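If you want the building blocks of each chain, they are given just below.
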Amino acid sequence: MAIKGNPGDNRSRGPASIFFVAGLCCFFYLIGAWQRSGSGKGDSIALQLTKKAEDCSILSNLEYETHHGDQSGVVDDPKLEVKQFEPCGEQYVDYTPCHDQMRAMTFPTENMNYRERHCPPEEEKLHCLIPAPKGYITPFPWPKSRDYVPFANAPHKSLTVEKPVQNWVQYEGNLLRFPDGRTQFPHGADAYIDQLASVIPMDNGTVRTALDTGCGVASWGAYLFKKNVIAMSFAPRDSHEAQVQFALERGVPAVIGVLGTIKLPFPSRAFDMAHCSHCLIPWAANGGLYMMEVDRVLRPGGYWILSGPPINWRTNYQALQRPKEELEEEQRMIEEIAELLCWEKKYEKGEIAIWRKRVNYEYCSERDSRETLCDHSNSENVWYKKMEACVTPYPETTNSDQVTGGELKPFPERLNAIPPRIASGSLPGVSVESFQEDNKLWKKHVKAYKRVNKLLDTRRYRNILDMNAGLGSFAAALESSKMWVMNVMPTIAERDTLGVLYDRGLIGIYHDWCEAFSTYPRTYDLIHANGIFSLYKDKCNTEDILLEMDRILRPEGAVIFRDHADILGQVKRIAAGMRWKTKMVDHEDGPLIPEKVLFAVKRYWVVGDNNSTILR
């Protein structure tokens, strides 16, 4: 199977030059038409699209132009200097600032410390634009992207060479093909998941959120979408390059991460199930520290799946080339730690074992007398905090039938139901009424977004990032099998609502936007930034945040900013020097509202292109 034409040459990018002379809404229309027609036909399509552009006037028809900026002199003052950002060198095509290989090797290897986040100091930050590799094209739409990735987008063959027998990825012509996990799952991912579903209620919406530790290329998460289950997958940036990059190119949620010395960037009681398949994590080490961390993020009543060594050691010890006694002791210790954590063994067959976390404290009173309990008041303060050899206590319940933390409705009903953390009053400042109002407001905002960016209802945007997720209502308003949203809870936010998002069946992560995100370049198709620059106004440089957004945004990807007009004026000036096309529009309630919306599109360019960042 081959891609016709060379997406990196001038012929196949013929329409791209049209996009940036048309209005922003025309741009959205044209890029959608170009994608639907297929790459490699640039010359034949360009004339047709140019004719369409002449009549494209959606913004003006809606009278959606902003009037506030021009009057204030803030937004479009031609006297203000525009800083031009130059491209970084070719060696930075896959640059991950906080997971840089050279920097990582200066940290201790013990307990995977060197694979954790280690961000560059201010003087070492790059102030240039990360280029796309030559020949880069827009990824295939889902579900084709699950199985095929253009080689030009992630030109790495190490997994096909160093681990060919594992059959994770195959190089075929100008494509990377991803078999359905035939090494980790000998009969295929679908059959493996069906086996798990015979024990775990995946088919009725009871299980919605999953954590895949040491995910490889995230085939488990990719195939879980058939069950309407969404997995947060992570793997370290290690010598087998591009595992997480491959996952994201496929359209599967993933971040660079590792179980090491610091806590996972997720709230307590988040995931309905957690999974490890041949992930090589030493679960029995350090007194079960990593199993305790999984217990923290696992919802009461949630499931833990361990497949691969040491499970079924009696049969596999010779193939694994490890002493039988060593594997036997490893499984014995895992079983002992699981019992101390009050996990109930539900299933073991072949190489698969499944435990279930008890639903409340009533079943686990003995645990608290045997194990050191963590400080419950500090359980969500996890950013750069060291893992502790302690057990996260259950919140209190009134009887043995009650589910700790509140019982969740099946998905998708739980998406708009009142989250237990809000219904219980445990989240200060957020009431049932304010949650419902927030939900209603974001449905209105998203409806307005779709009037401008017609591609929001198509398969154009698969990977979406919300930089300041709040209660998750933006993601809830967008909910569709065509896309997924990585919801980010800024560590400096006024209130921590990330647990509410997981109650709703969404996924998310803690992050400080003064630092780089734990992902590869060109990860996201669409970024939503609501109030992010107001939030970080006195914390770090606006330019640094925008450069990071540019790094993780795909060529011809879109951004939606929502903030005060004066702040967006500054953003617009910086974006003008970053190969972005921008358009400011009024709030949907009219020009007198000081909050505005800035739409932006990142220009297509690859390494070696003309260095000028001025749009032509």
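See the structure above.
Every chain is numbered on its own, with residues counted from 1 as its sequence reads. Residues qualify for local features only when their pLDDT is at least 70, as the model is predicted, and side-chain atom pairs are given and counted only at 80 or more; totals for whole chains, interfaces and linings, by contrast, use all residues. Side-chain numbers here rest on the full set of heavy atoms in the structure, without hydrogens or water.

Asker: Can you help me understand the overall build of the protein in this one?
Answerer: In terms of helices and strands, the protein carries 23 helices and 17 strands. Remark: exposure states derive from per-residue accessible area (1.4 Å probe, protein chains only) relative to the maximum for the residue type, with buried under 20%, exposed over 50%, and partly exposed in between. Within the protein, the proportion of its 616 residues that are buried is 59%. By element, 50% of the accessible surface of the protein is carried by carbon and sulfur atoms, the whole surface being about 24900 Å². Put simply, DSSP marks the helices as runs of H or I at least four residues long and the strands as runs of E at least two long, and each gets a number from the N terminus on. Surface accessibility in these figures is a Shrake-Rupley result with a 1.4 Å probe; residues are shielded only by whichever protein chains are displayed.

Asker: Would you mind going over the sheet that holds strand β17 (residues 595-602) with me for this structure?
Answerer: Through backbone hydrogen bonds, the strands of a sheet pair up, either in parallel or in antiparallel fashion. An order of β13-β12-β11-β14-β15-β17-β16 is seen for the 7 strands of this open sheet, with the pairing classed as mixed. Each edge of the open sheet is held by one strand with a lone partner, namely β13 (507-511) and β16 (580-586). Each strand of the sheet is rotated relative to its neighbour by a mean of 20°, with strand direction disregarded. Bridging between strand β12 (residues 484-490) and β13 involves 5 bridges; their strand directions are parallel. Bridge assignment links methionine 489 to a residue of β13, and that residue is tyrosine 510. Here, a strand pair is defined by DSSP locating no fewer than two bridges between the strands. Between N-to-C directions, angles cover 0 to 180 degrees, with each direction set by a line fitted to C-alpha atoms, over the stretch in contact for helices.

Asker: Help me understand the state of the cysteines in this model?
Answerer: A covalent bond bridging the sulfur atoms of two cysteines is what the word disulfide describes. By definition, disulfides here are pairs of cysteine sulfur atoms that lie within 2.5 Å. Enumeration according to the criterion identifies 5 disulfides in this entry. The residue that forms a disulfide with cysteine 88 is cysteine 128, at a sulfur-sulfur distance of 2.0 Å. Taking the sign of the S-S torsion, 105° for the link of cysteine 88 and cysteine 128, the bridge is right-handed. Pair noted here: cysteine 88 is in the loop between α5 (68-72) and α6 (101-104) and cysteine 128 is in the loop between α6 and α7 (144-147), with a separation of 40 residues, a long-range link. Note on cysteine 88: relative accessible area 7%, which makes it buried. Under the relative-accessibility criterion, cysteine 128 is labelled buried at 19%.

Asker: Would you mind going over the nonpolar core with me for this structure?
Answerer: The nonpolar side chains of a soluble globular protein tend to be buried with one another. Residues Trp220, Met273, Trp283, Met549 and Phe561 are the most contacted members of the largest nonpolar core, which totals 135 residues. Counting residues per element, this core draws most heavily on helix α12 (residues 289-297), at 6 residues. Filtering out sequence-adjacent residues up to four positions away, methionine 273 remains in contact with Ile200, Met202, Val207, Thr209, Ala210, Leu211, Trp220, Leu224, Val229, Leu298, Tyr303 and Ile305. What makes a nonpolar core is a set of buried Ala, Val, Leu, Ile, Met, Phe, Trp, Tyr and Cys residues whose side-chain atoms join them at distances within 4.5 Å. Counting residues in each nonpolar core, the second largest holds 9 residues, with Ala154, Val217, Ala242 and Phe246 among its members. In what follows, a contact means two residues having at least one pair of non-hydrogen atoms within 4.5 Å.

Asker: What am I meant to see in the pattern of salt bridges here?
Answerer: A side chain of one charge can pair with a side chain of the opposite charge when the charged atoms of the two come close. A side-chain nitrogen of Lys or Arg and a carboxyl oxygen of Asp or Glu constitute a salt bridge if their distance falls within 4 Å. If you walk through the whole model with that rule in mind, you get 34 salt bridges. Linking arginine 358 and glutamate 344 is a salt bridge whose minimum nitrogen-to-oxygen distance equals 3.8 Å. Placement of arginine 358 in the loop between β10 (352-357) and α15 (365-370) and of glutamate 344 in strand β9 (residues 343-349) is noted, with a sequence separation of 14 residues between them. On the basis of relative accessibility, which here comes to 27%, the residue arginine 358 falls in the partly exposed class.

Asker: Which parts of the structure should I look at to understand the environment of alanine 565?
Answerer: Locating alanine 565 in the fold gives a position in helix α23 (residues 565-576). A relative accessible area of 6% places alanine 565 in the buried class. Considering only alpha carbons, one finds alanine 565 and glutamate 595, 30 residues apart in sequence, at a separation of 5.9 Å.

Asker: Honestly, the packing of helix α22 (residues 542-552) against α23 in this entry has me stumped. Any pointers?
Answerer: For the pair α22 and α23, interaxial distance at closest approach is 10 Å and the crossing angle is 55°. By the criterion of interaxial angle, the relationship of α22 to α23 is oblique. For the pair α22 and α23, the sense of crossing is right-handed. Residues Thr542, Glu543 and Leu546 of α22 form the contact with α23, whose own contacting residues are Gln570, Val571 and Ile574. Residues belonging to the contact of α22 with α23 are distributed by class as follows: 3 nonpolar, 2 polar and 1 charged. Note on angle classes: values under 35 degrees are labelled roughly parallel, values over 145 roughly antiparallel, values of 65 to 115 roughly perpendicular, and the remainder oblique. Each crossing is labelled by how the near helix is turned from the far one, with a counterclockwise turn of less than a right angle marking it left-handed and a clockwise turn marking it right-handed. Under the convention adopted here, Pro, Cys and the residues Ala, Val, Leu, Ile, Met, Phe, Trp and Tyr are nonpolar, Asp, Glu, Lys and Arg are charged, and Gly plus all remaining residues are polar.

Asker: Got a minute to help me understand α23 in this structure?
Answerer: One turn of an α-helix holds 3.6 residues; hence residues three or four places apart share an orientation. For α23, with 12 residues, the first-to-last C-alpha span of 16 Å sits near the 16 Å given by 1.5 Å per residue. Listed in full, the buried residues belonging to α23 are Ala565, Ile567, Leu568, Gly569, Val571, Lys572, Ile574 and Ala575. Given the number of residues in a helix, its expected span is that number minus one, multiplied by 1.5 Å.

Asker: Even after reading the chapter, I still don't get the side chain of asparagine 468, so can you show me in this structure?
Answerer: Of note, asparagine 468 is situated in the loop between β11 (463-466) and α19 (473-478). For this analysis, a polar contact is any N or O atom pair within 3.5 Å, provided that within protein one partner can donate a hydrogen and the other can accept it, and provided that sequence-adjacent residues contribute only side-chain to side-chain pairs. Of the polar contacts made by the side chain of asparagine 468, one reaches the backbone oxygen of asparagine 530; its length is 3.0 Å.

Asker: What's the story with the sheet that holds strand β2 (residues 170-172) in this structure? I'm lost.
Answerer: The 3 strands lie next to each other as β1-β3-β2, forming an open sheet whose pairing is antiparallel. Each having just a single partner strand, β1 (148-150) and β2 make up the two edges of the open sheet. Each strand axis lies, on average, 30° off the axis of its neighbour in the sheet, ignoring direction. For β1 and strand β3 (residues 175-177), the ladder comprises 3 bridges, and the chain directions are antiparallel. Each residue of the ladder has a partner; that of tyrosine 148, found in β3, is arginine 177.

Asker: Please clarify how the pairing of β9 should be interpreted in this entry.
Answerer: For β9 and β10, the ladder comprises 6 bridges, and the chain directions are antiparallel. By the bridge assignment, glutamate 348 is partnered in β10 with alanine 353. Hairpin connection of β9 to β10: 2 residues between the antiparallel strands, including glycine 350 at a positive phi of 60°.

Asker: Is there a simple way to explain unusual backbone geometry in this structure?
Answerer: In terms of backbone geometry, most residues other than glycine have negative phi values and most peptide bonds are trans. The linkage connecting tryptophan 142 with the following residue, proline 143, adopts the cis geometry, with an omega of 10°. By secondary structure assignment, the location of proline 143 is in the loop between α6 and α7. Looking along the chain, the bond that leaves proline 309 and enters proline 310 is cis, with omega of 5°. By the element assignment, proline 310 lies in the loop between β8 (298-307) and α13 (313-316). Backbone geometry places histidine 278, a non-glycine residue, at a positive phi of 50°. Tracing the backbone through its elements, the reader meets histidine 278 in the loop between β7 (271-277) and α12. One non-glycine residue, asparagine 286, lies in positive phi territory at about 55°. In this structure, asparagine 286 sits in the loop between β7 and α12. Assessed through its relative accessible area of 42%, asparagine 286 is described here as partly exposed.

Asker: Which parts of the structure should I look at to understand the environment of isoleucine 574?
Answerer: Relative to the elements of secondary structure, isoleucine 574 occurs in helix α23. A residue is classified by how much of its surface remains accessible, and isoleucine 574, at 14% relative accessible area, is buried. Between the C-alpha atoms of isoleucine 574 and glutamate 81, which are 493 residues apart in sequence, the distance is 9.6 Å. If sequence neighbours within four positions are ignored, isoleucine 574 has contacts with Phe85, Thr542, Glu543 and Leu546.

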